[in-house]
Amino acid sequence: MSILSGKKVIIIGDRDGIPGPAIEECAKTAGADVVYSSTECFV
Amino acid sequence: MNSVIKGTGYVLVHTPDMVLHNGTTQTTERIVNPESEYLKELPKHLRSYEDVLSYYPNQTYIGNVTPDELAAVEQPWHDKKAPMNDRFGPFGEIMPQEEFLLLMQACDVFDLVKLSSDFVAAHKDALLKNEYVGPAVEGRLAEGVSMEEVEKLVNEEHAEPLYHGNVLVGCVKNAHDIDVNLSAHVMLENIVSKASSVLAMLHAVRNAGIDKNEVEYVIDCCEEACGDMNQRGGGNFAKAAAEIAGLDGATGCDVRGFCAGPAHAILNAASLVAAGTFKTVMVTAGGCTAKLGMNGKDHVKKGLPALEDCLGGFAVILTADDGVNPCINLEYVGRHTVGTGSSPQAVISALVTNALDKAGLKINDIDKYSPEMQNPDITKPAGAGDVPQANYKMIGALGVKRGDLEKSELAAFPQKHGLVGFAPTQGHIPSGVPYIGFARKSILEGTINRAMIIGKGSLFLGRMTNLFDGVSFIIEKNEGKGQEAGVSEEQVKGLIAKAMKDFAASLLAE
């Protein structure tokens, strides 16, 4: 069982690292309930 | 017909007081935590103009230090001095804040920028003496107003204060009592963008060696919006800046795409020239006050100088093929489409390898890649890593996957085909375009044949879509076959050789 299974997850992606939608796809396959996902930019 | 890169202008403006008063990291902190240690500490971390001049990445941006020379300097760079501290370089200049405040006043045609008469008197001559800017602003500088008037506007009429050396020296008035899109805050941001764009345009015209009247069309690609409550982003920065720069024969428009804006704008400009619509098109963008000191909290926490203390600006002039200058290849353009996806691998595939596939080129057929050229001195301490290097690692990895590179060549790929970042974190400013000046120079000198400019944009920040975006294009050596080509260097050499042969033959015959 994944550590994310059944957990509510808030995702802050990094535009120059891993963006939100990519993390979201991974988290969902690990059984997470994604309640918020966005990508931020610091450059 | 090809379009060629005729000239470029790159400018920085040192604006330490705008870091404190206009950068959004600071303005937000002032609202949510007005007594914070950060706000107390930050002023102690501001750099002097002299320190900004002798900062390696800044000298690289204006062309006095090449990217290769910068790469040979061990990082970090903030604790080192460049061997020169020149204000001017082959691509542009680093303007001090006091002159820029006057340039803002000259660029304001609605009597919104009010500077104290003492401040104007103290710095007017310095700006007029600037051979690039002086002639354009002469006759546009107001004498200034009393400090009582400035204080009244700031204290009673919601004007945005302007400081120099942390002393109030003027303000920007609101342009409407109710309309938030014409508020003093928005007007300040827009006038700053316009003024820094004008500065870059003036350098570009001079560097390209053209007459101002030759410019037929200007495209602005900054990230600001100008308009009123009925048309928030109506525009048009391009024509407004062209007016001040004295490009009387030009019209223009604004192209937006977050940080990908410049790459989109250059593709638009190159296409207009290639189609024969216009012979000379300029792409320009000014800087952004909001991003000043954006990563300041991390810099202060780590005891570093506040490195995001400069506005950036650039301008690129494209003309019809002259048979000499490097061309923009419009056949093999990379683009991130709606269906591409957002993973780094998908993005780089769409922007780099798809274009190479179309062109029948391998990863290493491009001599230099210019993705996002953010200065790692700024981004690494803030936890954002080395952005150009991250791009090169992904490009190299895709090269190995395609069989263009051996795995053993991967480690050397960033050094051989990449660049170190040297541009300020001003959003659109570092996005691919800072290298165009050097690319033009290196291709003309014959040290490289092809460069790829990659622009990426964070569309999701506008909350209209979750999509990412980007376009890329290749700049390549001019083979001298342009339809409207003049006589290329090779052709001249050929003609001279033929004439000498004929002359020798005639002597022998005698």
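1. Topic: the overall build of chain A
Summing up its helical and strand segments, chain A has 1 helix and 2 strands in all. The order of α-helices and β-strands along chain A, N terminus first, is β-α-β. For chain A, the spread of C-alpha atoms along the principal axes amounts to about 35 × 15 × 10 Å. Here chain A, with 43 residues, has 30% of them falling under the buried criterion. By sequence separation, contacts in chain A at least 24 residues apart represent 57% of the contacts at least 6 residues apart.

2. Overview of unusual backbone geometry
Residue and element names in this part refer to chain B. Cis rather than trans, the peptide bond between Q75 and P76 has omega equal to 0°. Residue position: P76 is located in the loop between α6 (67-71) and β2 (92-95). Its identity as a non-glycine residue notwithstanding, N166 has a phi of 60°, on the positive side. Residue position: N166 is located in the loop between β4 (160-164) and β5 (167-172). According to the C-beta neighbour criterion, N166 is exposed, with 11 such atoms within 10 Å.

3. A few points about helix α12 (residues 237-245) of chain B
Residues and elements named next belong to chain B. By the criterion of burial, α12 is predominantly enclosed, with 7 of the 9 residues buried. Along α12, the residues that are buried comprise F237, A238, A240, A241, A242, I244 and A245. Tucked into the core, α12 has its buried residues touching α7 (97-107), α9 (134-137), α11 (184-208), β6 (217-220), β7 (251-254) and β8 (280-285). G246 lies just past α12 and shows a positive phi near 80°.

4. Focus on the nonpolar core
By size, the foremost hydrophobic cluster in this structure holds 138 residues, and its most contacted members are B:L103, B:V172, B:M201, B:I219, B:I266, B:V316 and B:I453. If near-sequence neighbours (up to four positions away) are discounted, B:I219 is found in contact with B:A238, B:G252, B:C253, B:V255, B:A265, B:N268, B:A269, B:V281 and B:V283. A:V43, B:L42, B:I378 and B:V387 belong to the second largest nonpolar core, which has 13 residues in total.

5. Notes on the interface of chain B and chain A
Taken together, the contacts link 18 residues of chain B with 10 residues of chain A. Residue classes in the side of chain B that touches chain A are distributed as 8 nonpolar, 9 polar and 1 charged.

6. A short note on the packing of α7(B) against α11(B)
All names here are of chain B. Look at α7 against α11: their axes get within 9 Å of each other, and the N-to-C directions meet at 100°. Considering their axes alone, α7 and α11 lie roughly perpendicular with respect to each other. Contacts from F100, L103, M104 and C107 of α7 reach α11 at I191, V192, K194, A195, V198 and L199.

7. A word on helix α13 (residues 261-274) of chain B
All names here are of chain B. In this model α13 runs 20 Å from its N-terminal to its C-terminal C-alpha over 14 residues, within 8% of the 20 Å that 1.5 Å per residue would give. Of all 14 residues making up α13, 10 are buried, and the element is well covered by its neighbours. Buried within α13 are the following residues: G261, P262, A263, H264, A265, I266, L267, A269, A270 and V273. Immediately beyond the C-terminal end of α13, within one or two residues, lies G276, with a positive phi of roughly 85°.

8. Description of the pairing of strand β9 (residues 310-320) of chain B
All names here are of chain B. Within β9, 11 of the 11 residues are buried, which leaves it mostly tucked inside the rest of the structure. The pairing of β8 with β9 spans 6 bridges and is antiparallel. Within β9, the position partnered with T280 by the bridge is T319.

9. Here's the deal with the confidence of the model for chain B
For chain B, per-residue confidence averages 95 on the pLDDT scale, and residues scoring 70 or more make up 98% of the total. Interface confidence for the predicted complex, given as ipTM, is 0.78, next to a pTM of 0.92.

10. Some points on the environment of B:T465
Counting through the fold element by element, B:T465 comes out in the loop between β12 (450-457) and β13 (469-476). Excluding residues within four positions of it along the chain, B:T465 makes contact with B:L459 and B:F460.

11. Some remarks on the environment of B:A382
Residue placement: B:A382 occurs in the loop between α16 (376-379) and α17 (387-402). Judged by C-beta crowding, with 21 C-beta atoms within 10 Å, B:A382 ranks as buried. Spatially, the C-alpha atoms of B:A382 and B:S117 are 40 Å apart, while their sequence positions differ by 265 residues. Apart from residues lying up to four places away in sequence, B:A382 is in contact with A:F42, B:N295 and B:D298.

12. Looking at the confidence of the model for chain A
Counting all residues, the mean pLDDT for chain A is 90, and 98% of those residues have values of 70 or more. Across chain A, the secondary-structure element scoring lowest on mean pLDDT is helix α1 (residues 20-29) of chain A, at 91, and the one scoring highest is strand β1 (residues 8-14) of chain A, at 93.

13. Focus: the sheet that holds strand β3 (residues 113-115) of chain B
All names here are of chain B. Pairing within the open sheet is antiparallel, and its 3 strands lie in the order β3-β5-β4. Two strands bound the open sheet, and with one partner strand each, they are β3 and β4. Averaged over all neighbouring strand pairs, the angle between strand axes comes to 35°, with direction disregarded. One ladder, built from 5 bridges, connects β4 with β5; its direction is antiparallel. Following the sheet pairing, H164 is matched in β5 by V167. Of the strands in this sheet, β3, β4 and β5 are in contact with α7, which crosses β3 at around 135°.

14. Let's talk about the packing of helix α15 (residues 344-359) of chain B against α17(B)
Residues and elements named next belong to chain B. The N-to-C vectors of α15 and α17 enclose an angle of 75°; their axes lie 10 Å apart at closest approach. For the element pair α15 / α17, the angle class is roughly perpendicular. The segment α15 lies against α17, with P344, Q345, I348, S349, V352 and T353 engaging M394, I395, L398 and R402. Split into classes, the residues belonging to the contact of α15 with α17 amount to 6 nonpolar, 3 polar and 1 charged.

Cut-offs applied
- Every chain's residues receive numbers from 1 upward, in the order its sequence appears when written.
- All chains are assigned letters beginning with A, and all ligands numbers beginning with 1, in the order in which they are written.
- Two thresholds apply to this predicted model, a pLDDT of at least 70 for residue-level local features and 80 or more for giving and counting side-chain atom pairs, whereas whole-chain, interface and lining totals are computed over all residues.
- Each helix is a run of DSSP H or I of at least 4 residues and each strand a run of E of at least 2, with the numbering of both proceeding from the N terminus.
- Any residue surrounded by 20 or more other C-beta atoms within 10 Å of its C-beta is treated as buried, while 12 or fewer makes it exposed and the intermediate range makes it partly exposed; C-beta atoms here are placed from the backbone.
- This entry defines residue contacts through backbone-placed C-beta atoms, with two residues in contact when those atoms are within 7 Å.
- What we call a nonpolar core is a set of buried Ala, Val, Leu, Ile, Met, Phe, Trp, Tyr and Cys residues whose membership is set by joining through C-beta atoms within 7 Å.
- When residues are grouped by polarity, Ala, Val, Leu, Ile, Met, Phe, Trp, Tyr, Cys and Pro land in nonpolar, Asp, Glu, Lys and Arg in charged, and all others, Gly among them, in polar.
- Inter-axis angles, ranging from 0 to 180 degrees, are taken between N-to-C directions of lines fitted to C-alpha atoms, where helices are fitted over the stretch in contact.
- An angle below 35 degrees is treated as roughly parallel, one above 145 as roughly antiparallel, one from 65 to 115 as roughly perpendicular, and anything else as oblique.
- Expected span of a helix, by definition, is 1.5 Å for each gap between consecutive residues, and there is one gap fewer than residues.
- Only when DSSP finds a minimum of two bridges between them are two strands counted as paired.
- Residue-level confidence of the predictor, termed pLDDT, takes values from 0 up to 100.

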